[in-house]
Amino acid sequence: MLATIILIPAGLEELTISWGGLWNIEGSVPWANLELLGKSLNSSDDESDEDEYNVLSDPDISDEYCRLDEAISEGPLRPEEIKDVQAYDGKIGSLHHYTSLTQVSISIRALFGDLELNSPVLAKPPSIRLIDMLPSNLEYLRLYGYEKGRSRELDDHVNELLGGKSKRLPNLKESPGMEQCDQDFIKSRSSSLIARASHRNEWKREVQECKSPVRLTRSYYRAMGVKKERVVILGSGWGGYTLSRNLSAKLFSPLIISPRPYFLFTPLLTDTAGGSLDFSHVIEPVRVSKSHVGFIQAQALSVNFSKKRVICKPAVIDYSVNRVLTNEEEEEVQQKPGYSEFTEAKQWEGEEKFEVSYDKLVISVGAVTNTFNTPGVRENAIFFKDIGDSRQVRHRVRECFELAMLPTATPEMQRYLLHFAIVGAGPTGTELAASLRDLIHSNFITQYPSLIGIPRISLYDVAPKVLSMFDEQLSQYAMQAMKKEGIDVKTSHHVEGLRWGAPGDQPPYGIDAAQCLTLKTKERGEEGIGVCVWVTGNKMNTFIRHGLDKIDQFPASSVALPDGGGRSGVSWSVKKAEKAGSLSVDGSLRVQLVNTDHKTVVLQDVFAIGDNATPETSDLPATAQVAYQEGKWLATQLNKGNLERSPQQFVFKSLGIMAYIGDSKALMQFPDGEDGQRWYRPSNLTGRVACRVDKKPSCSGQYGQQIFARNGKNGRAEPFA
C-alpha cells in the first residue's frame, strides 16, 4: 500500500524499510514489492506537479472507486505502467538522487537481492555499486542482514564504500553492523577518548592498530572514561519530549523535569473531550524502560546560571484530583476574599526543595492560559491545556444532562444547564465546539430523547471571525458551516465576568455545581450556561515571568566576554520579548542576558524552545509544529556539535494548518511555495486527495473527513465534499 498509494518526495530525509513478522487483522501476511516501491521512489519529482499518480497494486475494474481513478488519473494507474528509470531486478534500486536523505536503515536484500541457496554468491549481480546507490549527504547507514565474510561480493561492495567514503560520502559518520575497521571513523570519533583510557591499554592498542572490529557502543564509551553531558530539559511537551528522544545516547544523558509524567498529543485533545478517542490514546509516558532519558516529576522554581543548577520542588501529588491552585492561579486569587481556604489546602504540599545540576539546560515549559484578568474566570471556568481538563469537560457535560433530567429541574434551568459556552475561537476552541456538537448529536440525544432541541453550543471571541490564522474565505466558510450545524458563533463579543448561579440572582454567589453558571458579555448581558471552557490566548507562567529574573552572579563560564565586563559592577537579567514576556533567544535558540547598559550576551549552554521562547530572527506561531521542529533541530545540532563550532540558524518550515469544524468536515491550508509565485502542495499528498486539492471536485469524498481547501490556481476557496 505504501508504494502503490504514495509517491515519496525527493526531499526525503529518513528512510527505514522493514517487513515480515507481522500479520494483518484478518490473518493474511503482509507482502512488500521492492521493485514497485523503488519505482514509486524514483517516479517522484519535486520540480514538476503536472502528473498525478494514484497507482493501485491490484486494480479491480468492477470496483466503482477504481473506475473513478481511471477517469480522473492523468498518470499511470497500474504498477506495470510506471516507467523504469533504472534497472530494478526485483530490488528497490538506487537512492542516490535523494540529496536530503541523511539516515538509511535498510536490508541488504532490498539493495542486492537474495543469495543463492547454500551459496555465498548473489542470485543476480547488481547493476550498480553500493557506493553509487547512496545519497551524497548520508550521515548514518545500517545494512541489516550483512555478515562479514559470508559473501565475497558483498564484502567487496562494503570495502569499496568504507575506502571511498571520505570523498564520495564525506558526512557518513556512523555505519554500525558492517564490522569493518575504518581508520578515519575511529580517528574522528575516538582520538580524544583513547588518550583518557590509558588504564585500558589492550583495548587502546587494538583501536590504534585497527586489529579488531570496533563498535562505538555505550559500553565502549563507558570503558573509555567518557562523561556524558547532562542535558536537563524543563517540560515534557512537544519541544522537550522531541528533543529528549532525538539526543544521542552516546554523547548525552537527558533528564526531563516536569510536573507532568507524560507527553500529550495536543492536536487530538479535543477528540478525547468529544468521545471519539480514549484519553490513553493521546498520551505517552516519559518514563520508559530501557530508555536513556531520565525523569524527575517536579516543578522548576528558578535557575542559578553561575552554578548551573535548577532549583525545583516535588510535584508528584496529583494536583487536579486535590483541586489545588497552581502558582499562576494562586497569584490571581490571593487578593480575593476566601483566599485562606486555598492556603490551607496547600499545607500538605510542603516546602521541600532540591537542586539539579546541568551541563546544558533547555527550557521548554510552554505557556498557561491568559484570562485577561476577567472576573471569575480563573475560579469558575475550565481551561483546556491537559488531559485532566478534557476529562473535566466531558464529565461536566454529562453532569449537565443528568441535572437537566431531574424532576426538580425547571424548563428554564434545563435551558441554562444545556447551554455550553466556549470562549476563544482559535483552532482549539473551534475544534472543541465541533467535537462537543458531534458528541451531543450522535450520542447524548439518543440517550436523552426528552431533551431534544434544548442543548446548544455558543462560541465566543473578541475577534470579528473565527480561525483568524486561516484565509478569509476559509474562515467565513467555517463560520457558515458551524452555524448550519447548530453552533452559535458569537464573534466580536467581550466577556466581562463569570459566576455561579442563574442570571438575575443576587449575591453572594457561592460555588454550587448542581446549579448553572452565568456568563456576562458586554453585548448581550447575562446568559445562563452549564459550563464555560476558556481557551483564549497564552501568557507566560510564573517560572518564566519571575523565576528567571534574579541573577545574583554573572555566569562567566557560560558567556565568553573578552573584556570580562559581565563579572561585576553591572546588573544583568534574562532578556525577554517586550509584548509576550517570553524568553528572547538568538537564531540558534540560545537564551540571552541583557544588562542595564542594554548590552546583550548569549548563554552558550542554555536554550529555550516552544511557546516560552521567541526567536529574534523570526516571528513564529505558538503551535506544536514549531515546538516539534525546534526540538528536533536542536537535538541534531547538539549531536553534531555544530553550536560549539559554527552556530546554525533555526528555520521553521510550515507544513500547513488544519482545523476540524464538525460533522466530518475540516479545513486545510497549505503555505505558499518558496518562489512566492505558486501555491504549494506537499509532494506526499497524492491520489484522490491531491485531485480534490488541485481541481474542482466532481465527486464526493470517501475519506473520514470532507475537505475544504484553498485552491491556489484560481485564488478561490473551493469545498471538497
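Everything here concerns the structure above.
Below or above, wherever it landed, is the structure these notes cover. Predicted model only: the values in this text are computed from it and were never measured.

## A word on the pairing of strand S18 (residues 495-500)
Within S18, five of the six residues are buried, leaving the element largely enclosed by the surrounding structure. When S18 meets strand S19 (residues 517-521), the two strands line up antiparallel, connected through five bridges. Bridge pairing in S19 places Arg 499 opposite Thr 518.

## Some thoughts on unusual backbone geometry
Residue Pro 508 is reached from Pro 507 by a cis peptide bond, and omega for that bond is 5 degrees. Structurally, Pro 508 is set in the loop between S18 and S19. With a phi angle near 55 degrees, Lys 308 is a residue other than glycine that sits in the positive phi range. Along the chain, Lys 308 turns up in the loop between strand S9 (298-304) and strand S10 (309-314).

## Thoughts on the pattern of salt bridges
For side chains of opposite charge, pairing can occur when their charged atoms come near one another. Inspection of every chain in the model, using the stated rule, returns 19 salt bridges. Glu 485 is paired through a salt bridge with Lys 665; the nearest N and O atoms lie 3.0 Å apart. Of the two residues, Glu 485 is situated in the loop between helix H19 (472-484) and strand S17 (487-490) and Lys 665 in strand S29 (residues 665-669); the sequence distance between them amounts to 180 residues. As far as burial versus exposure is concerned, Glu 485 and Lys 665 are alike and both buried. When the shortest N-O distance is used, the salt bridge between Lys 665 and Asp 663 registers 3.5 Å. Judged by relative accessible area, which is 39%, Asp 663 ranks as partly exposed. Taken together, the salt bridges that share partners define one network made up of Asp 488, Lys 490, Arg 524 and Glu 527.

## Focus on the sheet that holds strand S11 (residues 354-357)
Here we have three strands laid out as an open sheet, ordered S9-S10-S11, and antiparallel in their pairing. The strands lining the two open edges of the sheet, one partner per strand, are S9 and S11. Ignoring strand direction, the axes of neighbouring strands in this sheet form an average angle of 35 degrees. Inspection of the sheet shows S9 paired to S10 by six bridges, in the antiparallel sense. Considered in S10, the bridge of Gln 299 is made with Lys 313.

## What about the sheet that holds strand S20 (residues 525-529)?
Spatial strand order, S18-S19-S20: three strands in an open sheet with antiparallel pairing. Only two strands of the sheet have a single partner each, and these edge strands are S18 and S20. Direction aside, the axes of adjacent strands within the sheet are offset by 20 degrees on average.

## Digging into the packing of helix H10 (residues 238-246) against helix H21 (residues 624-640)
A packed helix pair is summarised by two numbers, namely the angle formed by the two axes and the spacing between the axes. Where H10 meets H21, the closest approach of the two axes is 7 Å, and the angle between their N-to-C directions is 30 degrees. Considering their axes alone, H10 and H21 lie roughly parallel with respect to each other. Pair H10 / H21 crosses with right-handed handedness. Here H10 contributes Trp 238, Gly 239, Thr 242, Leu 243 and Asn 246 to the contact with H21, which in turn contributes Ala 624, Ala 627, Tyr 628, Gly 631, Lys 632, Leu 634, Ala 635 and Asn 639. Here the contact of H10 with H21 is built from residues that sort into seven nonpolar, five polar and one charged.

## Observations concerning the pairing of strand S26 (residues 600-608)
Counting buried residues in S26 gives seven out of nine residues, a clear majority hidden from the surface. With four bridges connecting them, strand S25 (residues 590-595) and S26 associate as antiparallel partners. Its bridge partner lying in S26, Leu 593 is registered against Val 601. Counting the residues between successive antiparallel strands, the hairpin from S25 to S26 contains four residues, one of them, His 598, with a positive phi of roughly 65 degrees.

## Some thoughts on the packing of aromatic side chains
Two numbers describe a pair of aromatic rings. These are the distance of the centres and the angle of the planes. Taken as a whole and assessed by the stated rule, the structure comprises 10 aromatic pairs. The interplanar angle of 90 degrees and the centroid separation of 5.0 Å between the aromatic rings of Trp 238 and Phe 263 together place this pair among those described as edge-to-face. Of the two residues, Trp 238 sits in helix H10 while Phe 263 sits in strand S6 (residues 262-264), which places them 25 residues apart along the sequence. What makes Trp 238 buried here is its relative accessible area of 18%. The class for Phe 263 is buried, based on a relative accessible area of 8%.

## Section: H19
Across its 13 residues, H19 extends 19 Å between first and last C-alpha, which sits within 8% of the 18 Å expected from 1.5 Å per residue. All of the buried residues in H19 are Leu 474, Ser 475, Tyr 477, Ala 478, Met 479, Ala 481 and Met 482. At the N-terminal boundary of H19, the capping side chain belongs to Asp 471, with an oxygen 3.0 Å from the backbone nitrogen of Gln 473. Looking one or two residues past H19, Gly 486 carries a phi angle of roughly 100 degrees, positive in sign.

## Examining H10
Most of H10 is tucked away: seven of the nine residues are buried. Taken residue by residue, H10 has Trp 238, Gly 239, Gly 240, Tyr 241, Thr 242, Leu 243 and Ser 244 as its buried positions.

## Describing the packing of helix H16 (residues 387-405) against helix H18 (residues 427-447)
Packing of H16 against H18 brings their axes to within 12 Å, and their N-to-C directions diverge by 40 degrees. Both H16 and H18 take part in a crossing whose hand is right-handed. Mapping the contact onto sequence places Val 393, Val 397, Arg 398 and Phe 401 in H16 and Leu 436, Ile 440, Phe 444 and Gln 447 in H18. A per-class count over the contact of H16 with H18 returns six nonpolar, one polar and one charged.

Reading guide: rules and limits
- Residues numbered from 1 in each chain as written.
- Predicted model: local features only at pLDDT ≥ 70, side-chain atom pairs only at ≥ 80, totals over all residues.
- Heavy atoms only, no water.
- Buried < 20%, exposed > 50% of the residue type's maximum accessible area, 1.4 Å probe, protein only.
- Helix = DSSP H or I, 4+ residues; strand = E, 2+ residues; numbered from the N terminus.
- Pairing = 2+ DSSP bridges.
- Salt bridge = Lys/Arg side-chain N within 4 Å of Asp/Glu carboxyl O.
- Axes fitted to C-alpha atoms, helices over the stretch in contact; angles between N-to-C directions.
- Parallel < 35°, antiparallel > 145°, perpendicular 65-115°, else oblique.
- Left-handed = near helix turned anticlockwise from the far one by under 90°.
- Contact = heavy atoms within 4.5 Å.
- Nonpolar A, V, L, I, M, F, W, Y, C, P; charged D, E, K, R; others polar.
- Phe/Tyr/Trp six-rings, centres within 6.5 Å; stacked < 30°, edge-to-face > 60°.
- Expected span 1.5 Å × (residues − 1).
- Polar contact = N/O pair within 3.5 Å; in protein donor to acceptor, adjacent residues only side chain to side chain.

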